[in-house]
Amino acid sequence: MNTSNIKNYKPKDFAELLGVSVKTLQRWDREGTLKANRTLTNRRYYTYDKYLQFKGMNIENDKRKVVIYARVSTKNQKDDLQNQVAFLR
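Caption draft 1: Region of interest: the overall build of the protein chain. Looking only at helices and strands, the protein chain has four helices and three strands in total. Counting only residues that meet the buried cut, the protein chain has 18% of its 89 residues in that class. Across the protein chain, contacts joining residues at least 24 apart in sequence account for 35% of those joining residues at least 6 apart. For the protein chain, the exposed area adds up to about 7600 Å²; of that, 48% sits on carbon and sulfur atoms.

Below, the structure is given as structure tokens:
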């Protein structure tokens, strides 16, 4: 699932996502470590692409697969297993 460009993050939310302070984000923007996008009114915002870029993830070349796991204890719960699989899909 491609989640890029789904959400724009305010600096506070993006800082929380990265586990740093807003001041750190501001400093990184000034230093060029992690440049923020700017609105027309010059306010900072960040995208999910910026997060992936900062974490060193390139979703264009990402070859990982998503695996789901569902189980039940007995054959009598077969319907429950089908419900779990449907929910996970």
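Additional details are given in the paragraphs that follow.
Caption draft 2: Region of the structure containing the pattern of salt bridges. Per the stated rule, a full pass over the model turns up four salt bridges. As a salt-bridge pair, E31 and R27 come within 3.6 Å of each other at their nearest N and O atoms. Pair noted here: E31 and R27 are both in helix α2 (residues 22-31), with a separation of four residues, about one helical turn. Residue R27 is classed as partly exposed on the basis of its relative accessible area of 36%. With a closest N to O distance of 2.9 Å, R44 and D29 form a salt bridge. Of the two residues, R44 is situated in strand β3 (residues 44-47) and D29 in helix α2; the sequence distance between them amounts to 15 residues.

Caption draft 3: Highlighting the pairing of β3. Across two bridges, strand β1 (residues 8-9) lies against β3 in antiparallel orientation. Bridging across to β3, Y9 finds its partner in Y46. Of the pairings in the sheet, the one linking strand β2 (residues 37-38) to β3 comprises two bridges and is antiparallel in character. Paired with R38 across the two strands is R44, which belongs to β3. Counted along the chain from β2 to the antiparallel partner β3, the turn is five residues long, and its residue N42 has a positive phi close to 70°.

Caption draft 4: Geometry of a nonpolar patch on the surface. Together, V66, I68, F87 and L88 make up an exposed nonpolar region whose accessible area comes to about 470 Å². Given a relative accessible area of 73%, F87 falls into the exposed group.

Caption draft 5: The nonpolar core, seen in detail. Residues Y9, F14, A15, L18, L25, W28, L34, A36, Y46, Y51 and L52 constitute the largest nonpolar core, which totals 11 residues. Secondary-structure elements contributing two or more residues to this core are α1 (11-18), α2 and α3 (48-55). Looking at this core, the element that brings in the most residues is α1, giving three residues. Once you skip the residues sitting within four places of it in the chain, W28 turns out to touch L18, V20, T33, L34 and F54.

Conventions adopted
Residues numbered from 1 in each chain as written. Predicted model: local features only at pLDDT ≥ 70, side-chain atom pairs only at ≥ 80, totals over all residues. Heavy atoms only, no water. Helix = DSSP H or I, 4+ residues; strand = E, 2+ residues; numbered from the N terminus. Buried < 20%, exposed > 50% of the residue type's maximum accessible area, 1.4 Å probe, protein only. Contact = heavy atoms within 4.5 Å. Areas by Shrake-Rupley, 256 points an atom, 1.4 Å probe, with all protein chains shown as cover. Salt bridge = Lys/Arg side-chain N within 4 Å of Asp/Glu carboxyl O. Pairing = 2+ DSSP bridges. Patch = residues over 30% accessible without salt bridge, like charges linked within 9 Å, V, L, I, M, F, W, Y side chains within 5 Å. Core = buried A, V, L, I, M, F, W, Y, C linked by side-chain atoms within 4.5 Å.

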